[in-house]
Amino acid sequence: MNGWILAATVVLAVGLGTTLWGVATGPLGRRVVAQNLSTALVCPGLLLLSQGYDRTSYVDLALLLALLGPVGTLVFARLLADELAEEQPRAWGLTWAAAGLGTVVVAVLCAVTGPGRAMVKLLIVGALLVGGNLLASRAMSGGFPGVSRG
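We now turn to the structure provided with this report. From a predicted model like this one, the values you see are computed outputs, not experimental measurements. (Residues numbered from 1 in each chain as written. Predicted model: local features only at pLDDT ≥ 70, side-chain atom pairs only at ≥ 80, totals over all residues. Heavy atoms only, no water.)

**Re the packing of helix 2 (residues 28-53) against helix 5 (residues 92-113)**
As a packed pair, helix 2 and helix 5 sit with axes 9 Å apart at the nearest point and diverge in direction by 15°. Classed by the angle they form, the pair helix 2 and helix 5 counts as roughly parallel. Considering how the two elements wind past one another, helix 2 and helix 5 form a crossing that is left-handed. Note on element contacts: helix 5 touches helix 2 through Leu94, Thr95, Ala98, Leu101, Gly102, Val105, Val106, Leu109, Val112 and Thr113, opposite Leu37, Ala40, Leu41, Pro44, Leu47, Leu48 and Gln51. Residue classes in the contact of helix 2 with helix 5 are distributed as 13 nonpolar, four polar and no charged. (Axes fitted to C-alpha atoms, helices over the stretch in contact; angles between N-to-C directions. Helix = DSSP H or I, 4+ residues; strand = E, 2+ residues; numbered from the N terminus. Parallel < 35°, antiparallel > 145°, perpendicular 65-115°, else oblique. Left-handed = near helix turned anticlockwise from the far one by under 90°. Contact = heavy atoms within 4.5 Å. Nonpolar A, V, L, I, M, F, W, Y, C, P; charged D, E, K, R; others polar.)

Shown next, in the form of structure tokens:
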């Protein structure tokens, strides 16, 4: 076991343990927030595993998850808009912490990887991960001012 795999194990164990607890218990708002945060924590774990095992296919999985995870949260936010309006979930601290974790992991892996095609893919994963989860969190907490839920 190397340091990359150990870091991935810590991220996945702590992150997924707490998000599974959040999804399994509590009110609807906490469940949707936990579902959104699970994506933000699994992607950095997959990127660390990719480096630890030297498998680029894990980066492809992280790319797919970074793209589809926030989209799934946006679908939940749209379908459950009436229920979420009653108790608007607020998890900006957790959202920014997860975004920071994703940013740090991507930055470290970019420094290790060096310039090239793999670095571009890592930067795309990072942008999708951070941007998508911030957008999905904003949508869950009441949307954007001036935008109709139509």
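**What to know about helix 3 (residues 57-79)**
Along its 23 residues, helix 3 runs 33 Å from first to last C-alpha, staying within 8% of the 33 Å computed at 1.5 Å per residue. For helix 3, the complete set of buried residues consists of Val59, Ala62, Ala66, Gly69, Pro70, Thr73 and Ala77. Where the residues of helix 3 are buried, they touch helix 2, helix 4 (81-86) and helix 6 (117-140). (Expected span 1.5 Å × (residues − 1). Buried < 20%, exposed > 50% of the residue type's maximum accessible area, 1.4 Å probe, protein only.)

**Structural notes on the nonpolar core**
Generally speaking, nonpolar side chains in soluble globular proteins are found buried as a group. Core analysis: the biggest nonpolar cluster contains 18 residues, and Leu47 and Val125 have the highest contact counts within it. Residue assignment for this core shows that the elements contributing at least two residues are helix 1 (3-24), helix 2, helix 3, helix 5 and helix 6. No other element matches helix 2, which puts six residues into this core. With 11 residues, the next largest nonpolar core counts Val32, Val33, Ala40 and Ala139 among its residues. (Core = buried A, V, L, I, M, F, W, Y, C linked by side-chain atoms within 4.5 Å.)

**Considering a negative patch on the surface**
On the surface, Asp82, Glu83, Glu86 and Glu87 cluster together to form a negatively charged patch. Mapped onto the elements of the fold, Glu86 is located in helix 4. (Patch = residues over 30% accessible without salt bridge, like charges linked within 9 Å, V, L, I, M, F, W, Y side chains within 5 Å. Areas by Shrake-Rupley, 256 points an atom, 1.4 Å probe, with all protein chains shown as cover. Salt bridge = Lys/Arg side-chain N within 4 Å of Asp/Glu carboxyl O. Lys, Arg positive; Asp, Glu negative; His and termini not counted. Charge placed at Lys NZ, Arg CZ, Asp CG, Glu CD.)

**Quick notes on unusual backbone geometry**
Positive phi, close to 55°, is recorded for Asp54, a residue that is not glycine. Structurally, Asp54 can be placed in the loop between helix 2 and helix 3. Using a relative accessible area of 68% as the deciding quantity, one classes Asp54 as exposed.

**Quick word on helix 2**
Across its 26 residues, helix 2 extends 37 Å between first and last C-alpha, which sits within 8% of the 38 Å expected from 1.5 Å per residue. For helix 2, a buried count of 20 out of 26 residues is recorded, marking the element as mostly surrounded by other parts of the structure. Remark: Asp54 follows helix 2 within two positions and exhibits a positive phi of approximately 55°.

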